[in-house]
Amino acid sequence: MARKVIITCAVTGAIHTPSMSPALPVTPQEIADAAIDAAEAGAAIVHLHARNPETGQPDQSPEAFAPFLKIIKQRSNAVINLTTGGSPTMTVDERVRPAAVYKPEVASLNMGSMNFGFFGMLNRFKTFKHEWERKHVENKDIVFRNTFQDIEFVLKTLAESGTRFEFECYDTAHLYNLDYFLQQGLVKPPLFVQTVFGLQGGIGPHSEDVLHMKRTAERLFGDKFIWSVLGAGRHQLPIAAMAAAMGGNIRVGLEDSLWAAPGRMASSNAEQVRLARKIIEGLGLEVASSDEAREMLHLKGGDTLQV
């Protein structure tokens with residue numbers, strides 16, 4: 001039997017702004033439609049942020065999530081993954097609220113503090129519709145705070161909900177931080193480890209970087225983890241192909257990259273999922289269904305979402 005590969009689709013995020021791509025979902029209906037289309041294209045998991053429907057600015061209030069969560073739950077069997085990363089300028093208390101309220105099957109969790117930079121995108125994107133966008137992109141003074149105290153706060157806040165985690169690791173130290181929490185008994189296997197490559201402030205997108213993160217995770221966690229990769233920008237699909245061939249799983253989506261090919265923007269999240277699916281099936285592997293992903297990750301089931 002061919003190995004099953006989980007595709008996660010992160011449909012909107014908090015990095016890209018509405019002026020950068022007309023395909024970026026902003027309103028609750030757009031986010032819901034994008035998530036459902038991505039699931040129909042083959043994504044087992046949809047990773048979700050919310051935005052102000054007028055300006056597109058990231059919005060981590062639980063009320064902003066409710067409209068699209070209701071639609072997705074009604075129309076799709078996808079595993080719902082709610083961010084606790086929110087935006088780097090938010091407090092950890094703000095960031096954890098949607099997951100604390102809705103108790104999803106999965107919540108993302110950033111595993112360490114880091115410099116965060118989007119300013120390189122100013123080389124390509126020159127004009128913006130909304131005042132907040134330029135300030136957001138050009139800021140060179142962002143430290144994305146994820147201290148041991150912050151991480152422990154999220155873990156303990158969600159401990160009774162049955163929610164499991166997508167552990168986002170942007171550098172080697174983040175894997176060691178995760179190992180610390182494993183040793184403390186605050187997280188439990190199987191660990192869904194999302195290694196992130198090519199974001200300014202984190203580890204780079206070179207093939208040696210991918211190998212290094214995989215080897216470090218294997219040394220620390222042995223058979224206690226499920227590995228996935230996220231390549232930022234133009235690195236999304238090359239890193240996806242590399243990881244799939246090496247036994248990993250894949251995350252795509254307009255949160256992480258606006259592109260479908262060199263010089264060509266993606267028309268939708270679903271297009272990126274279809275491209276990832278081609279890679280997986282071209283390697284003789286199979287795309288995992290949502291229920292297969294639930295079994296692999298030991299999830300509690302989609303009917304437990306409190307919306």
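Preceding block: the structure.
Looking at the secondary structure, you find Ala64 in helix H2 (residues 62-75). A C-alpha to C-alpha distance of 7.8 Å links Ala64 and Pro28, two positions 36 residues apart in sequence.

Next up on the list: the pattern of salt bridges. Following the criterion strictly, the structure yields 16 salt bridges and no others. In this structure, Arg294 and Glu105 form a salt bridge, with 2.9 Å as the shortest nitrogen-oxygen distance. Of the two residues, Arg294 is situated in helix H10 (residues 290-297) and Glu105 in the loop between helix H3 (92-102) and strand E5 (106-110); the sequence distance between them amounts to 189 residues. Glu105 shares its class with Arg294; the two are buried. In the salt-bridge network here, residues are joined through shared partners; they are Glu166, Glu168, Arg251, Glu255 and Asp256.

Across residues other than glycine, the phi torsion is negative in most instances, and most of the peptide bonds are trans. Here Pro189 and Pro190 are connected by a cis peptide whose omega angle stands at -5°. Mapped onto the elements of the fold, Pro190 is located in the loop between helix H6 (172-183) and strand E9 (191-197). Phi angles above zero are rare outside glycine, and Lys103 is one such case at about 55°. Looking at the element boundaries, Lys103 is found in the loop between H3 and E5. Positive phi outside glycine occurs at His298, with the angle close to 60°. Assignment of secondary structure puts His298 in the segment after H10.

One closed barrel accounts for eight strands, arranged E2-E3-E4-E5-E8-E9-E10-E11; its pairing is parallel. This sheet shows a mean twist of 25° between the axes of neighbouring strands, independent of strand direction. Two elements, strand E4 (residues 79-82) and E5, share two bridges in a ladder whose sense is parallel. Of the residues in E5, the one forming a bridge with Leu82 is Ala107. Together, E5 and strand E8 (164-169) form the strand contacts of helix H5 (residues 148-157), whose direction differs from that of E5 by roughly 170°.

A few words on the pairing of strand E11 (residues 249-252). Burial of the side chains of E11 extends over both faces: Asn249 and Arg251 are buried on one face and Ile250 and Val252 on the other. In terms of strand pairing, strand E2 (residues 7-10) meets E11 through three bridges, oriented parallel. What sits directly across from Thr8, in E11, is Arg251. Both strand E10 (residues 225-231) and E11 contribute to a ladder of three bridges, which runs parallel. Residue Val229 lies in a different strand from E11, and its bridge partner there is Ile250. Crossover E10 to E11 through helix H8 (residues 236-245) is right-handed.

How each quantity is defined
- Per chain, residues are indexed from 1 in the order of the written sequence.
- Per-residue local features are limited, in this predicted model, to residues with pLDDT of at least 70; the limit for side-chain atom pairs, both in listing and counting, is 80 or more; totals at the level of whole chains, interfaces and linings are taken over all residues.
- Side-chain measures here rest on the full set of heavy atoms in the structure, leaving out hydrogens and waters.
- Helix and strand assignments come from DSSP, with helices taken as H or I runs of at least 4 residues and strands as E runs of at least 2, each series counted from the N terminus.
- Here, a salt bridge means any Lys or Arg side-chain nitrogen found within 4 Å of an Asp or Glu carboxyl oxygen.
- Burial classes follow relative accessibility: with a 1.4 Å probe on protein chains only, a residue under 20% of its type's maximum area counts as buried, one over 50% as exposed, and anything between as partly exposed.
- Strand pairing requires that DSSP identify at least two bridges connecting the strands.
- Note on geometry: axes are C-alpha line fits, over the in-contact stretch for helices, and angles between N-to-C directions span 0 to 180 degrees.
- Any pair of residues with heavy atoms lying within 4.5 Å of one another is described as a contacting pair.
- Crossover handedness is defined here as right-handed if the route from the first strand over the helix to the second strand goes clockwise, with the strands pointing away from the viewer.

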